[in-house]
Every structure is written in C-alpha cells, then in structure tokens.
Amino acid sequence: MEQFLLDNAERYKNLVAKFRPVASGPKASDSTTATPEIVVCSRLRPMLEDELAQGFPVGVYLRGNTNTVDLHELKQPVRGLPRITSSDYTVDRAFGPDATTAEIYDSLIHPLVPWAWGGGVATMFAFGQTYSGKTYTVSFLERQVAETLMDGSLSGERNIYISIIELAGQTAYDLLNARRQISILEDSFGVTQMAGALEHQVTNKESLLDYIEAAASLRRTAPTMKNDSSSRSHAICRIRFENHALPSSKDGLLYMVDLAGSEAARDKAIHDVSRMKEAREINTSLSVLKDCIRGRALADADSFAGKSGKKPAYIPFRQSTLTKTLKHVFDPASGRSCKTVVVACVNPCLADIGASKNTLRYAEMLRVVMPKTKPAEYHPGVPATWNNEQLRSWIQTNSGDPAINPTPLAPTETGPQLLRLPMPEFLSRCLQTPDVSAEQAQAFQAKLWKLHVDSQRAANRASASASSSKASNNSGSGKPGSGGRLEMLDSSADPEPGSAEVPFQQRIRPGMVVGWKPSAAGGYESFSVGGKAYAMVMCPREVVGERVRDVRGEQVNGKDTTGSSVGGEGKGETGEAYLCAMVAPALLPGSYGISPWRQVVVRVEEMEAEVLMEWDEATRYYYMTV
Ligand SMILES: Nc1ncnc2c1ncn2[C@@H]1O[C@H](COP(=O)(O)OP(=O)(O)OP(=O)(O)O)[C@@H](O)[C@H]1O
C-alpha cells in the first residue's frame, strides 16, 4: 500500500490541487449550534522530517479559514488510473499545522483553569492515532496550566493537590508512587475514589512541573513500529482545588487526559496477540468515552432547554475504567458544572490516512449540535430568558439585605450563564459584597435555582396540558391559585397572606423553621455550629407528656426524678418554649435535613429569626431561601 502511495504521489498531489469542495445548499452549521460546555477541536500536526524524506504527500488539509478539515484518500479503481476520494469533517475549532500549542491553550484550555479554580469540573482530553502529537500537545498544555495556576492571576486562595494515574486496560497505576497498582472504586455515596493513589499538595510551579515530569517518565511504554515511546495507556492528571473560604463546597477539579493512541492499521501486521488485545481494549474504552461525552452533552442541553422532566439520557460511565474514573465529568446526577475540551490530534501524512479518517469521524461524532433557536422572549419568572441587564436588576432586588452587588456576581453573564456557574464560584462572587454572609449567599443561590426549576416545571406542565385535553379539563377549576397553595406547602413559608408584616415570635406555628442561639443555660451549646443552630417548631413545650425526653435524654416537661420542675427555667410559663426538631447540614452543599426524632427545647428569647426552608424533591433535602 505504501509503495502504491509513493508511486502515485505526483498524480495524487495534482488531483488534490484540482479539488474544489462541492458547493452544498444551506450548511447545517447555519441552523445548528454546538453545546457550549463541550468544545471539540482538531489539530493537524505538521509533516515530520522522516515522513517528508520518505516522499509521502500530505493527505489532510484545513479548509481555508473554516473549521472544516478535508481528507483525500487515494484509491485504485478496478479499471483506470488512481482517483482521490474526498471527505470533510467539521469541528468546533480546527487548528492547522502552523498553529502553535500556545494558541490552542489561549483560546480553549486557559478558560478551564478559572472554571476548576472556582469549583467546577474542567476536563481536557487529547486523542488520536499513535504518533499524531497527543503527548506533544498535552505536555505543553500541562506546563501552561502550571504557569497560569502559579502566576497570581487567579483570585482567592486555594490548596492545590495533584495526582496522576495511568489506566492500562482494567488496571490502574499511581504514576506518582512508583507505578503502584491502585483501585478505582465507587464509595457508598456514589463518589469515585482512586483508592491507594497518592495526592500531593503543591505550592509552586516548580514542584507541580516536577510531578508532571516524573509521571511522564513512568508512563508505560512499548515500542510500536511508528513511535518508540508510544503511549499504550491513558494518563489522567487530576488537579484538585480546595477552597478554605467555603469549606462545605465541593472541590474544583481539573483533569488533563492523554488518551492512549489508537493503533494505526499498518502497524498491526507485526504486533503480537497481547498488543492486539491491548488495542481492542483501548478502542472499547474510546467508544464508551464517546457515548459518555455525547450523553452528558445531551443531558446538559436538555436541562437548559427546559426538558428536565424528560427521561434522562443513559450515560454508560460504568462500562470502562476510564469513564468510571471520570464519573464527575459524565454523571449529571453529580450536579457538578462541567466544561470539557476535546483535542483530536491528526497525523496529516497520506500513509496514515485511514487512522486520520477514524480520528476525525470520532471527533465529529463527539459533537452534539442542537437546532438554533431564536433567543427566548424575556419573562421575569424565567431566569433562562434574562440578559445581563435583566439579571443584574433581579439580583439587586431579590438578594436580601444587604443586596448582593451584581457587578462582581454577574459582570457579563446572562441568566443561563449564571445558572451554569459552579456553585463555589457563585458563592465567592456573592461574598465580595461587604456584609453578605455565606448563609445569605447560599440562600440566594438556592432562590435563583428554585426559580429556574419552577419555571422549567411550569413550562413542562404547560406543554403537557396543551397536548392533553384531559389534563386541561382537570385544571379547569377556574382557580389559578389552587395548585399554588399545594406548591407553597413544600416551603416552610407561612401560607397566610400578610404574615410577613407580623413579627415571627407572634406567629410561631408547627413547621416554622427558626435560627436560634443556644444559651449556656439551656444546655444545647454543643449542638450549634459556630454558635448558630436551626430548628423546626413542633409544639409548645408544655403540651408534651412527662415521658418525653430531648436529644440529650433530658425530660422536656414536668417534674424530673429529683422533684424539681424542668424547662422554661423552672417556671413552666406557657408559650415561652417550644419542642423543636433539629435541622442540620446534610450531605449536599447548602442542603439541610430535619430530624423529627432529635428534639430540643427552644425558648422564644433564644430564637433569632424565621428561616425559610424548601423541600427539594430531586435531592430529597431542604434548602434555605431568602
Ligand atoms: N505540532 C507539532 N509540531 C511539531 N512536531 C510535532 C507536533 N506534534 C507532534 N510532533 C512530533 O510528532 C511525534 C509524535 O508525537 P507524540 O509522541 O506526541 O505522538 P502521540 O500521539 O503522543 O503518540 P503515542 O500515542 O504513540 O504516544 C513527536 O516526534 C513529536 O515531537
């Protein structure tokens, strides 16, 4: 085959020079748009000296100033002279042989760093056939990331940890611990753990680069015909960012993944059975990766197109060790804000055209394009329709007291963009307004999300009732507020109109949630966090029987065994104290659980304020609202 290409190199070049792309009708790109969170780019490396010396022509070209790549194969028909067969592939960004890795970094990878720094999950994958420039590209990008992380341009303080592992088939190794074998496990909370892998804290650029360099030298390598240092394993570099200012928030994660090279067809002849098995495993994991990347892109697109009620797309991340390790990136249930950049590395040499075609086809398949729709008309109750100005004005009037300054919170973002922001970044931006507390910031974030989710549900309900006459008959009671009251009962807000005018102490009722400060006299000090605690009112203390005991096992009402009266400082005044259920932070950031069987007695004078809590069906926790 190679000889056929060399013999016909001149004819091939002439045919390519005459090639004109077929003028097609309106292009698909005119009516579609890629999902914003996943960018797929291609990078054509230059021809290398050995390829040029052998006389192979270029087989893959960037089409002018576009994001389309043309690929020309040379075919021998049954009769007649060899002909070229051309195909083209469109990606979100195409880089030609003259583009530097620095250009790729500046336009696509650099924005991932503040995203992960701010608490999001950012991932960069490089894939392509053996010898296409993956390691060349990733190693430069890793160095640039180290530069950005340590040049002081990112605001705030973070603890930075690095771990680098290698996946070869089903087996995982720690590249920062002498290739010790580790396990990829999912814990009981559904979080993937790299059990046994060491994580190293880094405080400067040099130590970060040293770890990256040490791992690179340990990558398992085996000679292939094309590339003596060919990587036959996936390498995952994970940088984790811990934000001390927001201890309950999830850590930001930046993954840089150098995927194993898919074997070029012409290498296969001389490879033994185990190498072929290895190649099959690599191809399987790349196939699962494609399904996961597409699945996540579709899930995100549905969520922001108001189709959250739809059956979620199946994302098979448990089907390969690679995708299981990167569960955070693919599992929409993890609730993480993710950004992903895929770099498809392409060897332009005509001798490797088959593998290049597979790479470009794969890259095209990773893209999820959606029909372009007109920007949605502004609606004050639908954050997904707000432009920056409308969003800012909503922040100003709905963020509590003191009002959160919209300038640091949403300098340029629209409603949908702010909703996509990683939660820790959202909170950090809120906290830039003087006197805004972490609780207020969290409550405000929950308020925005509640509005978004409610507006989606309302839109889903509207479209469901429009398509079902039965539904519309049922809803025809003529009382628009009848469903509203039911929904209100998912919140601890007082359903009585005008209740906000009355001080909360005068309208205490079962189900009201209060913030309180346990006093030393009450004996509940150890149940508070930073002197603060929350409780849900159950009933006045004096109505409970003598056998009722609180969370400490103390009698709540009546005489204790020594004969002295308990509660309310022994005076037994009515209405002064309430038996309450403890409300404590739960597993998810910003979430709370109510424990009906952990009871405390809260005196009205210890109560500081009413706190509004809302039940969230999806996570099954309560969240505070402003
Ligand atoms: N953009 C580029 N400019 C110049 N040389 C490049 C470029 N990209 C790759 N190369 C060269 O191409 C060769 C192959 O690159 P590299 O080792 O990165 O390939 P790879 O895809 O990682 O291969 P494998 O999967 O086998 O590890 C190297 O000699 C590298 O220096």
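Residues numbered from 1 in each chain as written. Predicted model: local features only at pLDDT ≥ 70, side-chain atom pairs only at ≥ 80, totals over all residues. Heavy atoms only, no water.

### A look at the packing of helix α7 (residues 134-150) against helix α8 (residues 205-218)
Point 1. Across the interface, α7 lies against α8 with an axial gap of 9 Å and an inter-helix angle of 160 degrees. The pairing of α7 with α8 is recorded here as roughly antiparallel in orientation. Classified by chirality, the crossing of α8 by α7 is right-handed. On the side of α7, the interface is formed by Glu142, Arg143, Ala146, Glu147, Leu149 and Met150, while α8 contributes Lys205, Leu208, Leu209 and Ile212.
Point 2. Considered class by class, the residues forming the contact of α7 with α8 number six nonpolar, no polar and four charged. (Axes fitted to C-alpha atoms, helices over the stretch in contact; angles between N-to-C directions. Helix = DSSP H or I, 4+ residues; strand = E, 2+ residues; numbered from the N terminus. Parallel < 35°, antiparallel > 145°, perpendicular 65-115°, else oblique. Left-handed = near helix turned anticlockwise from the far one by under 90°. Contact = heavy atoms within 4.5 Å. Nonpolar A, V, L, I, M, F, W, Y, C, P; charged D, E, K, R; others polar.)

### Observations regarding helix α2 (residues 9-18)
Point 1. Within α2, burial applies to Ala9, Tyr12 and Val16. End-on view of α2: buried residues confined to an arc of 60 degrees, all on one side of the axis. Turned more than 90 degrees from where α2 packs its buried face, Glu10, Ala17 and Lys18 sit exposed.
Point 2. On its buried side, α2 packs onto α1 (2-7), β3 (60-62), β4 (68-75) and β5 (83-90). (Buried < 20%, exposed > 50% of the residue type's maximum accessible area, 1.4 Å probe, protein only. Arc of directions from axis to C-beta.)

### A word on the UniProt feature "binding site: ATP" (unreviewed entry) in the protein chain
Point 1. Here the UniProt-annotated "binding site: ATP" (unreviewed entry) positions come out as Gly128, Gln129, Thr130, Tyr131, Ser132, Gly133, Lys134 and Thr135.
Point 2. Inspection of the secondary structure puts Tyr131 in the loop between β7 (121-128) and α7.
Point 3. Tracing the backbone through its elements, the reader meets Lys134 in helix α7.
Point 4. Residue contacts for Lys134: discarding those within four places in its chain leaves Ala126, Phe127, Gly128, Gln129, Asp258, Leu259, Ala260, Gly261 and Cys345. (UniProt positions renumbered as here; feature names shortened; annotations may be inferred.)

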